[in-house]
Each structure stands twice: as structure tokens, then as C-alpha cells.
Amino acid sequence: MDMFNKLRSAVTSALPGNPLSKDFDVLNHIASGGPGLVWKIYNAIKKTTKQEAAVFVFEKKLLEKYSRRDKELIVETLKKGISQLTRLRHPKILSVLHPLEESRETLAFATEPVFSCLANVLNKHDNMPSPLPADFKDYKLYEVEIKHGLLQLAEGLAFLHNDVKMVHCNICPESIIINKNGSWKIAGFDCCIPNSNQQSDPSFANAEPTFPYREWDPDLPSIIQPCLDYLAPEFALTMTCCRGSDMFSIGVLIHAIFNYGKPLYECNNQLSMFKKYSEELRKFRSSLLGNVPVELHEYVKLLLNTEPSVRPDSDQLTKIPYFEDVGSMTLQFMDTLFQRDNLQKSHFFKGLPKIIEKLPKRVNLQRILPALTKECVNADMIPFVLPSILLMAEQVTEKEYMMFIFPELKPMFKIKEPIQILLLFMQNMNLLLKKTPQSEIRNHVLPMIYQALDQNSPQLQEICLNIIPTFAELIDFSSLKSHILPRIKRFV
């Protein structure tokens, strides 16, 4: 009952009167995101399916400092941005589970489970809970996460530019959402610019898309306009906008990621500063790149060129040598597992343990483990993925093992075919007994051992007889006497 009251209290305080509260239980405040970090992000559970989710909440009390006209403009722009996000469906675009709902005090919508936005990770903590969630303590992006994240953004932009024919126009850390599994997703479509060619007219079908220029207006609230720190210089120099404008923003984003969250220039929402820095970019100095890796210098310089036609497009960006390391290529393959046949998967999984040894633990738990456990619905694939899962079990703490790995192993303990599953578990019995609490050993591990002893496979019986003495002292005496010894006697 106490937990129910806490849950109800959280819903009441986060979504007063909002219809979204009928479908989702809103839990703890975890992050913020969107323009100016105005959206609070909460963990949530969908009531009907118990599916994990995230709920984004905009509190209208934040509008108190604005004029009536500006209040209406901000609400209208936020609604438009979420409406556009809801219509877009792509693996690299944040997935909306429930469209925008409005009450007198809030706007809210629900998405796939979220960790935070990229800005939070880069130490921008506006509108976040205090104290910060423990996950943010000493949080640091690993290089493989950065490489794969940038590849995901490039793929998302390729979809927007080539398929949707749209310019995002506000690519910045606040618009990049990191989901629960560590994937980077594009959001923040408040300032997007669609192709102005009339696609309904057949004569325009193959025409080059055009994107109308929108002037940055200092008389309007900054949160409903593109972030000047990441905006392309053509908005000041030639009064134009194109797909290359988003690529400039990616260049500044790369700079910020490697320079403690700081963009190339900080305009402080001052249009005059933006125009000044745009002029300065005509004479770009390599010293501006700061801590950007040397192997990226040439490409970031091209992305930051004042001439849009010089910048690599989204497809070209994915092909640069910087991204061709085994870690990022592995994560790319994991993203496309659903497209692969079982032969391709099994070949990939055989070599995966060597890669897992080199990847950071967080990456393994967030990115690799969920993909592997999805494969376990097919028992024939389990012998190929189980060695990698057990290797991760060695890397993690007992708490992490019980939270992330043991729940996935329990259903596998009961599977009798193919026999290789039991063989793998028996070969790794010391690991299982070391990491698993005694109560769970009695309920789940020992029944699996009994099952292995009952099999008619000589190979399995032999391995059981060989390894039981190595962990017999870890099994309580009553189980040894009542269940294991009688089964062993049958072999004599």
C-alpha cells in the first residue's frame, strides 16, 4: 500500500489533471531535455502492458515570466515539435508511445524508455532533479559510445534529408536523447523546416528540395528558435538554409562532445554575437578544435566550413575511417540483427566474446545484453549467445548480475534442447554458484543440475561427473544427499 501511495503521489505531482496519467504510472524524475531543457523526463510504466516508458512533462508555470503573446507562441511551438516527432518513424528517431496530452498546468507525452539527453551527459543539468540521480555520478562517455552515437545521428539525418526531405535545423545536445539502452535518438523538431517544393505535383517529384530561410528573431523567445551556438553560419552570411546546415551543427556537436560540453562559440542567445562568429569562421583556425581527436580534424574542419557544399553529407560522414573500429562496427551490427539470418548471426556471435572483453561494462550491459536476450526466444540460438552472456556475468558485480543477467538466465535453466545449453551451464557452474544467492541456487540452479544428471546424453553425464566435485562444497548437504548422490549412483 505504501508503494501504491508513493506511485499515486508521483503521478499527481508530475501530471496534475493531465489525461496521460490515465495510461501511465509516472515514477521518478530522471533527466531533462528539449529546447532550453524545458521538458522534465520521468521514468514511467504503461498501465495496461506494464511496458517501460519515459514521460516528458512541460510545466506551464515556466511561462510566468513571458508576455501573453510569447506564452502562446511557446506552447504552440512545443506542440508542433512533438506532433512532428510523433509522425516520424525511424530507429534513429525517438519513438513516441503516446501523443501529446494537455492540461491546464502541463503538456506531456510518452516515449520509449530514456536515460537522459546528451546535454545532461555533457553537464548541463537545468530542470533536473536535485540531487542528481546516481547514474550521473562520474558519468563519462566512452569513445565507442561517441563513435556509435555519431553514426546513429548521421543515419537519422540521412532519413530526414533523403526520405522525409526535411532539415532539422536545431541539432544540439538538448535535441539528442539517449535511450535506456544507450542509443542516441534525434528529437527536438520544434524548428524543423520541410521541403517547400510541392510534392503533390508530379512535375516536382524529382526536383531538388528547397528549404525556406527563417530569420532568427531577437524579439521572440530563444527557446522556440534554433540554438545559435549550433546554427550554421549561412543563416547570417547568405540568409539561406539547406541540408548542409544540419551537417554544420553535427560539426559543432562533435566539438562540444570532446571539449567538456562547450560548443565552438558561445553566443548567449545574442544574434549580434552569432553574426560576428559566423564572419570569423571564414578564417577557420585549427586551434579552435581543442580536444577533438586528430583523426577527426580534417572532417570536422569540412563540417564547419562556411560553404555548405563543402561539408560531407550524412551518408559520407558514416564512411570516414574514424568509425571503422571493431567496437562501433559491432554495435552497428547489433542494430541490424533483425535483418540477419541465423547463419549470419551465429557466425557473428562466435566471435563476440573477444569483442566483449574489450568493451566497457556499461556498453556491454546497455547495448549488447538486450540484443542477445532477444535472440534467446529461439532456443537454437541460445548456444551461440550464451557464452557472451556468461562472460558479461563475470565482469559485473553481484548486484548487477542479479539485476541484469540472472533474470535472463532463469528461463534458460529449464530448457532441455539443444543439449549444448545444459553443457554450457555445467561448464560455467562455478561462476553461477559464485554470483547467485543461496535462495536462488536452491530454486533455480540446483533443479537445472538435477535435470542435467537425468539426461541420457553420455557427454553431459560425463561432464557432470567431472565437475560436480569442484563445486560440491558450495551445495548444501541435504541437496547433495537427497538429489545429487542418488542420481550419481545410477551411473555406477
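Residues numbered from 1 in each chain as written. Predicted model: local features only at pLDDT ≥ 70, side-chain atom pairs only at ≥ 80, totals over all residues. Heavy atoms only, no water.

**Thoughts on the overall build of the chain**
Condition: Helix numbers and strand numbers start at the N terminus; a helix is a DSSP run of H or I with at least 4 residues, a strand a run of E with at least 2. Contact definition: two residues touch when any of their heavy atoms are within 4.5 Å. For the accessible areas, the method is Shrake-Rupley and the probe is 1.4 Å, while residue cover comes only from the protein chains on display. Neither His nor the chain termini are counted; the positive set is Lys and Arg, and the negative set is Asp and Glu. We put the charge of a Lys on NZ, of an Arg on CZ, of an Asp on CG and of a Glu on CD.
Helix and strand counts for the chain stand at 19 helices and ten strands. Its C-alpha atoms give the chain principal-axis dimensions of roughly 90 × 55 × 50 Å. A fraction of 65% describes how many contacts in the chain between residues 6 or more apart in sequence connect residues 24 or more apart. Total accessible area on the chain is roughly 23300 Å²; 52% of this is exposed by carbon and sulfur atoms. Separation between the mean location of the 57 positive side-chain charges and that of the 55 negative ones in the chain comes to 4 Å.

**Section: the pattern of salt bridges**
Going by this rule: What counts as a salt bridge is simple: a side-chain nitrogen of Lys or Arg found within 4 Å of a carboxyl oxygen of Asp or Glu. Only protein chains enter the calculation, and the probe is 1.4 Å; a residue is then buried if its accessible area is under 20% of its type maximum, exposed if over 50%, and partly exposed in between.
For the coordinates displayed, the defined rule picks out 20 salt bridges. Glutamate 72 is the partner of arginine 68 in a salt bridge, and the nearest nitrogen-oxygen pair spans 3.6 Å. With arginine 68 and glutamate 72 both in helix α2 (residues 68-87), this residue pair falls four residues apart, about one helical turn. Given the relative accessible area of 69%, arginine 68 is considered exposed. By relative accessible area, which is 47% here, glutamate 72 ends up partly exposed. One salt bridge in this structure joins lysine 92 and glutamate 155, with 3.3 Å as the shortest N-O distance. In this pair, lysine 92 is assigned in the loop between α2 and β4 (96-102) and glutamate 155 in helix α4 (residues 143-164), connecting sequence segments 63 residues apart. For lysine 92, a relative accessible area of 7% translates into the label buried. Connected via shared salt-bridge partners are Lys40, Glu59 and Lys61.

**Details of the sheet that holds β4**
Within a beta sheet, neighbouring strands are joined by backbone hydrogen bonds and run either parallel or antiparallel to one another. Rules: At least two bridges found by DSSP between two strands are what make those strands a pair. Axis definition: a line fitted to C-alpha atoms, limited for helices to the stretch in contact. Angles are taken between N-to-C directions and run from 0 to 180 degrees.
Spatially, β1-β2-β3-β5-β4 is the arrangement adopted by the five strands of the open sheet, whose pairing is antiparallel. A single partner strand is all that each edge strand has here, and the edge strands are β1 (24-33) and β4. Within this sheet the neighbouring strands show an average axis-to-axis angle of 25 degrees, counted without direction. As defined by bridge partners, strand β2 (residues 39-46) adjoins strand β3 (residues 52-59) across six bridges and the pair is classed as antiparallel. Its bridge partner lying in β3, asparagine 43 is registered against alanine 54. Of the strands in this sheet, β2, β3, β4 and β5 (106-111) touch α2, which is tilted by about 160 degrees from β4.

**Topic: the packing of helix α10 (residues 326-335) against helix α12 (residues 361-375)**
Test applied: Note: crossing handedness is left-handed where the near helix turns anticlockwise from the far helix by less than a right angle, and right-handed where it turns clockwise. Residue classes follow a fixed rule: Ala, Val, Leu, Ile, Met, Phe, Trp, Tyr, Cys and Pro count as nonpolar, while Asp, Glu, Lys and Arg count as charged, and any other residue, Gly among them, counts as polar.
In the contact formed by α10 and α12, the axes pass within 10 Å of each other and the chain directions differ by 35 degrees. Crossing geometry of α10 relative to α12 is assigned as left-handed. Side by side, α10 and α12 meet where Thr330, Leu331, Met334 and Asp335 of the first sit next to Val363, Arg367, Ile368, Ala371 and Leu372 of the second. Residue composition of the contact of α10 with α12, by class: six nonpolar, one polar and two charged.

**Things to note about the environment of histidine 90**
Among the secondary structure elements, histidine 90 is positioned in the loop between α2 and β4. For the pair histidine 90 and glycine 156, spaced 66 residues apart in sequence, the C-alpha to C-alpha distance is 7.5 Å. With residues near it in sequence (within four places) discarded, histidine 90 still touches Glu155, Gly156 and Phe159.

**A word on the confidence of the model for the chain**
Put simply, the rule is: Residue-level confidence of the predictor, termed pLDDT, takes values from 0 up to 100.
The predicted model of the chain averages 90 in pLDDT, with 95% of residues at 70 or higher. Mean pLDDT values for the elements of the chain range from 51 in helix α1 (residues 2-14) up to 98 in strand β9 (residues 184-186). Contacts from residues 4-12, a stretch scored under 50 in pLDDT, to residues over four places away or in other chains number ten contacts.

**Overview of the packing of aromatic side chains**
Put simply, the rule is: Each Phe, Tyr or Trp ring, with Trp reduced to its six-membered ring, pairs with another whose centre is within 6.5 Å; inter-plane angles below 30 degrees give stacked pairs, above 60 give edge-to-face pairs, and intermediate values give tilted ones.
Scanning the model with the defined rule gives 14 aromatic pairs in all. Between tyrosine 322 and phenylalanine 323, the aromatic rings sit 5.5 Å apart at their centres with planes inclined by 70 degrees, giving edge-to-face as the arrangement. A relative accessible area of 4% means that tyrosine 322 is categorised as buried. Look at phenylalanine 323 and you get buried, because its relative accessible area is 4%. Taken together, the ring pairs in this structure connect Trp39, Phe56, Phe58 and Phe109 into an aromatic cluster.

**What to know about the sheet that holds strand β6 (residues 114-117)**
Read across the open sheet, the three strands follow the order β6-β8-β9; overall the sheet is antiparallel. Both edges of this open sheet fall to β6 and β9, since each of them pairs with a single strand only. Each adjacent strand pair in this sheet contributes to an overall mean axis angle of 35 degrees, direction not counted. In terms of strand pairing, β6 meets strand β8 (residues 176-179) through three bridges, oriented antiparallel. The residue bridging cysteine 117 from the neighbouring strand is isoleucine 177, located in β8.

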